Amino acid sequence: MAKFEQLACQMRKQLQEGIWQPGDKLPSLREKSIHSGMSLMTVLRAYQLLESQGLLISRPQSGYYAAPQLAAPPLDSASAVNVQARVELTEDVDVNAFIFDVLQASKSPSVVPFGSAFPDPHLFPQRQLTRSLASVARRMQPRNALDNLPPGNEQLRKHIAQRYALQGIAVSPDEIVITAGAMESLNLSLQALTVPGDYVAIESPAFYGALQAIERFKLKAIAIATDPQHGIDLDALHQALNDYPIKACWLMTNFHNPLGCTLSWENKQRLVAMLEKYGVGLVEDDVYGELYSGLQRPLPAKALDGKGLILHCSSFSKNLMTGFRIGWVAAGQHARNIQRLQLMSTLSASAPMQLAIAEYLATSSYDSHLRHLRKTLEQRKNAAIQSLQSYLPYDVTIYPSRGSYFLWLELPPGLSSTTLYWQALEKGISIAPGKMFTTGDKYDRHFRLNVSYEWDERCEQSVKALAALIQQQIKAMHSMKI
Ligand SMILES: Cc1ncc(COP(=O)(O)O)c(C=O)c1O
């Protein structure tokens, strides 16, 4: 065992024995080095190892602290202890204010929109859609407002059902409810499966929309560790399903936002088997499913849904037109309840927008638009990765995705993406800091970049500016710690 591993092992024991309680500050690197007789580098590596195992957290310009304990109930088997570290309970989710600030900041046209969730609007067939909208507006009858009430425009639901059929998924138009974007379909689905106080399993990190919904509906979040390469930890989810009366899961099985990961087919099968065993519903957020890089669209877990437990939510916002705000849920047996909930909240998605998209889909231009869009996004992402690799310090990790238009980045230990966010914003650059995707500060070393925009000189200069800010933080950290 290397020296740093021996030291980490010793400290792990001390942490387990409670010598340092959650939140306690650990000796500085220099103090530890003097007391242990080991080099600063050995001590740093030991601390970093413990941090990667979730036992320590580093606070910029402050040092290392014992990680907060999980609020989950005690588990009895020794092997479950490791799993417990990958399950985190939050009784009182409160994330809205920070997310709102970040989203507002990335809206200004003078700000480089790396932090935005929206794809470059120039990628959309604006002219064709406007033509469809003008044409349906001319032909619209007073009755149409009523025809397009929940479950939504019949033609549009048929088109969507046909697209499911092309993937080999049998969804009847009657099971589909048209909504105002995926955000509404996701929220209605969660509402259909839960009542206030219920437990909901989500990924960690998670799309902030899930955190906001959980906060708004007064639910309790069980956050399951999710890996940028392999997706949600299914052992941890299994443990959570065993330990808590979970009523619903809200997961992204394809091109997770912010991580970019896609669950393998085998893991989707395992996930569905688990849902069936525990009789738990899944709100499946698949808004980026059409934006794949390879040859084939990855199937959603919905394709395996034999028992009607999956409410598959998606929209045209990310791949056709953001502002039209048209989405849907393939809700199966929950379709009627979702319509009822929709009637009590927004009433329906906008009739002209539903009609315009139905008309556009009938022209069969959608698939060629999607092919072009996927190719452009992939080229832009590759250009961005190249630029980031050239300028960012070598120990910043970039997690590329095989779809969508986000990159997830990890800063070296001791750095903060929240600090980077504020500093970058002063220079007119937005990023999406890890804090947006969690209830604690677990992902304060991570951030998401939107790379859907044309990779021009402005982007290149912005990456250089981000690199300089990161270097600045590294220098400040070294001067504080040594
Ligand atoms: C993961 C995820 N789900 C849902 C949505 C909301 O989609 P829509 O704009 O269709 O409401 C977004 C938008 O950013 C998203 O990133």
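Since this is a predicted model, take the numbers as computed values, not measurements. Throughout this description, residue numbers start from 1 for each chain and increase along the sequence as written. Owing to the predicted nature of the model, reporting of local features is limited to residues with pLDDT of at least 70; listing and counting of side-chain atom pairs is limited to 80 or more, with chain, interface and lining totals taken over all residues. In computing side-chain properties, one takes all heavy atoms of the structure into account and sets aside hydrogens as well as water.

Put simply, a residue is near a molecule or strand once any heavy atom of it comes within 4 Å of that molecule or strand. Every one of the 15 residues lining the ligand counts as a neighbour, but Asp285, Tyr288, Ser315, Ser317 and Lys318 are closest to it. Between N or O atoms, a polar contact is any pair within 3.5 Å; within protein, one atom must be a potential hydrogen donor and the other a potential acceptor, and residues adjacent in sequence are included only when both atoms are from side chains. Measuring from a nitrogen atom of the ligand, one finds a side-chain N or O atom of Asp285 at 2.6 Å. For the ligand, an oxygen atom lies 2.6 Å from a polar atom in the side chain of Lys318. In terms of residues, the shell around the ligand owes the most to one element, helix H9 (residues 181-193), which gives four residues. Helix and strand definitions follow DSSP, with helices as H or I runs of at least four residues and strands as E runs of at least two, each counted in order from the N terminus.

What follows concerns the environment of Gln48. If you trace the backbone, Gln48 turns up in helix H3 (residues 40-52). Buried, partly exposed and exposed residues are distinguished by accessible area as a fraction of the type maximum, computed with a 1.4 Å probe on protein chains only: under 20%, between the cut-offs, and over 50%, respectively. On the basis of relative accessibility, which here comes to 27%, the residue Gln48 falls in the partly exposed class. Residue contacts follow a heavy-atom distance rule, with two residues in contact if any of their heavy atoms lie within 4.5 Å. What Gln48 contacts, discounting residues up to four positions off in sequence, is Tyr64 and Pro413.

Each salt bridge in this description consists of a side-chain nitrogen of Lys or Arg and a carboxyl oxygen of Asp or Glu lying within 4 Å of one another. By the definition in use, this model includes 14 salt bridges. Residues Glu359 and Arg139 are paired through a salt bridge, measuring 2.5 Å at the closest nitrogen-oxygen approach. Of the two residues, Glu359 sits in helix H14 (residues 351-362) while Arg139 sits in helix H6 (residues 126-139), which places them 220 residues apart along the sequence. In this structure, Asp235 and Arg270 form a salt bridge, with 2.8 Å as the shortest nitrogen-oxygen distance. A residue pair is termed long-range when its members are at least 10 positions apart, and Asp235 in helix H11 (residues 234-243) and Arg270 in helix H12 (residues 265-278) qualify at 35 residues. Classification of Asp235 by relative accessible area gives partly exposed; the value is 42%. On the basis of relative accessible area, Arg270 is assigned to the partly exposed category, the value being 36%. If you follow the salt bridges from partner to partner, you end up with Arg163, Asp286, Glu290, Arg297, Asp367 and Arg374 in one network.

Once that is clear, we can look at the packing of aromatic side chains. Any Phe, Tyr or Trp ring, taking Trp's six-membered ring, that has another such ring centre within 6.5 Å forms a pair; planes under 30 degrees apart are called stacked, those over 60 apart edge-to-face, and the others tilted. Applying the stated rule across the entire model yields 14 aromatic pairs. Plain terms: the ring middles of Phe316 and Trp328 are 5.2 Å apart, the flat faces sit at 50° to each other, and that makes the pair tilted. One end of the pair, Phe316, is in the loop between strand S10 (310-315) and strand S11 (327-330); the other, Trp328, is in strand S11, and twelve residues separate them in sequence. By relative accessible area, which is 10% here, Trp328 ends up buried. Relative to Trp422, the ring of Tyr421 has its centre 4.9 Å away and its plane inclined at 65°; by these criteria the two rings are edge-to-face. The buried category is assigned to Tyr421, whose relative accessible area is 1%. Overall, the relative accessible area of 45% leaves Trp422 in the partly exposed class. Taken together, the aromatic side chains of Phe207, Tyr208, Trp408, Phe437 and Tyr443 make up a single cluster linked through ring pairs.

The next subject is the layout of surface pockets. It is a probe the size of a water molecule, rolled over the atoms, that shows where empty space is left. If you add up the space inside the second largest pocket, you get close to 710 Å³. Looking at the lining of the second largest pocket, the elements that each hand over two or more residues are helix H5 (96-105), H9 and helix H10 (208-216). Of all the elements, H5 adds the most residues to the lining of the second largest pocket, at four residues. Residues belonging to the lining of the second largest pocket are distributed by class as follows: 18 nonpolar, nine polar and four charged. Whether a set of points on the 1 Å grid over the protein atoms alone is a cavity depends on a 1.4 Å probe fitting there but being unable to get out, while an open set qualifies as a pocket with protein on both sides within 12 Å along at least five of seven lines; lining residues are those with an atom within 4 Å of a point. Grid points are joined across faces, edges and corners, and a volume is the space filled by probe spheres set on the points. Under the convention adopted here, Pro, Cys and the residues Ala, Val, Leu, Ile, Met, Phe, Trp and Tyr are nonpolar, Asp, Glu, Lys and Arg are charged, and Gly plus all remaining residues are polar.

Here we take up empty space enclosed by the protein. A full pass over the atoms with the stated rule returns eight cavities of 30 Å³ or more. When its volume is computed, the largest cavity comes out at roughly 140 Å³. The wall of the largest cavity is formed by 16 residues, among which Arg163, Gln167, Glu290, Arg297 and Trp328 lie closest to the centre. At the level of elements, helix H8 (154-166) and S10 are the ones that each hand at least two residues to the lining of the largest cavity. Here the lining of the largest cavity is composed, by residue class, of six nonpolar, six polar and four charged. In this structure, the second largest cavity spans a volume of roughly 70 Å³.

This next bit is on the nonpolar core. Among the nonpolar cores identified, the biggest contains 111 residues, and Phe114, Leu156, Leu190, Ile202, Trp250, Phe316 and Leu409 are the most heavily contacted of them. No other element matches the nine residues that helix H17 (residues 457-481) contributes to this core. Residues lining this core come from more than one domain, with at least three contributed by each of domain 2 (96-122 + 368-481) and domain 3 (124-366). Think of a nonpolar core as a cluster: buried Ala, Val, Leu, Ile, Met, Phe, Trp, Tyr and Cys residues, connected wherever their side-chain atoms sit within 4.5 Å. Each domain's extent was defined by an automatic or database domain assignment.

Bringing unusual backbone geometry into the picture now. With an omega of 10°, the peptide bond running from Pro150 to Pro151 counts as cis. Along the chain, Pro151 falls in the loop between helix H7 (144-147) and H8. The residue after Ser204, namely Pro205, is reached through a cis peptide bond having omega 0°. Within the element layout of this structure, Pro205 appears in the loop between strand S5 (199-204) and H10. For Lys218, which is not a glycine, the phi torsion comes out positive at approximately 55°. Structurally, Lys218 is set in the loop between H10 and strand S6 (220-227). Classification of Lys218 as exposed rests on a relative accessible area of 60%.

Now for the sheet that holds strand S12 (residues 397-399). Two strands make a pair as long as DSSP finds a minimum of two bridges between them. Spatially, four strands are ordered S12-S13-S15-S14 in an open sheet, and the strand pairing comes out antiparallel. Strands with a single pairing partner mark the edges of an open sheet, and in this sheet they are S12 and strand S14 (432-433). Note that S12 and strand S13 (residues 406-410) share three bridges and pair antiparallel. Bridging from a neighbouring strand, Tyr399 pairs with Trp408 of S13.

Below, the discussion takes up the domain arrangement of the protein. The domain boundaries assigned to the protein delineate domain 1 (3-69), domain 2 (96-122 + 368-481) and domain 3 (124-366). The interface of domain 2 with domain 3 comprises 31 residues on the first partner and 31 residues on the second. Surface buried jointly by domain 2 and domain 3 totals about 2,900 Å² across both partners, of which 58% is contributed by carbon and sulfur atoms. Throughout, buried area stands for the accessible area (probe radius 1.4 Å) lost by two parts on being put together, summed over both. Contact with domain 3 buries area across many residues of domain 2, yet His369, Arg374 and Phe437 alone supply 20% of it, more than any other trio. At the surface where domain 2 touches domain 3, the tally comes to one salt bridge. Where domain 2 meets domain 3, there are 17 residue pairs in polar contact (both at pLDDT 80 or more). Counting only elements with at least two residues in the side of domain 2 that touches domain 3, the list comes to H5, helix H15 (366-391) and S13.

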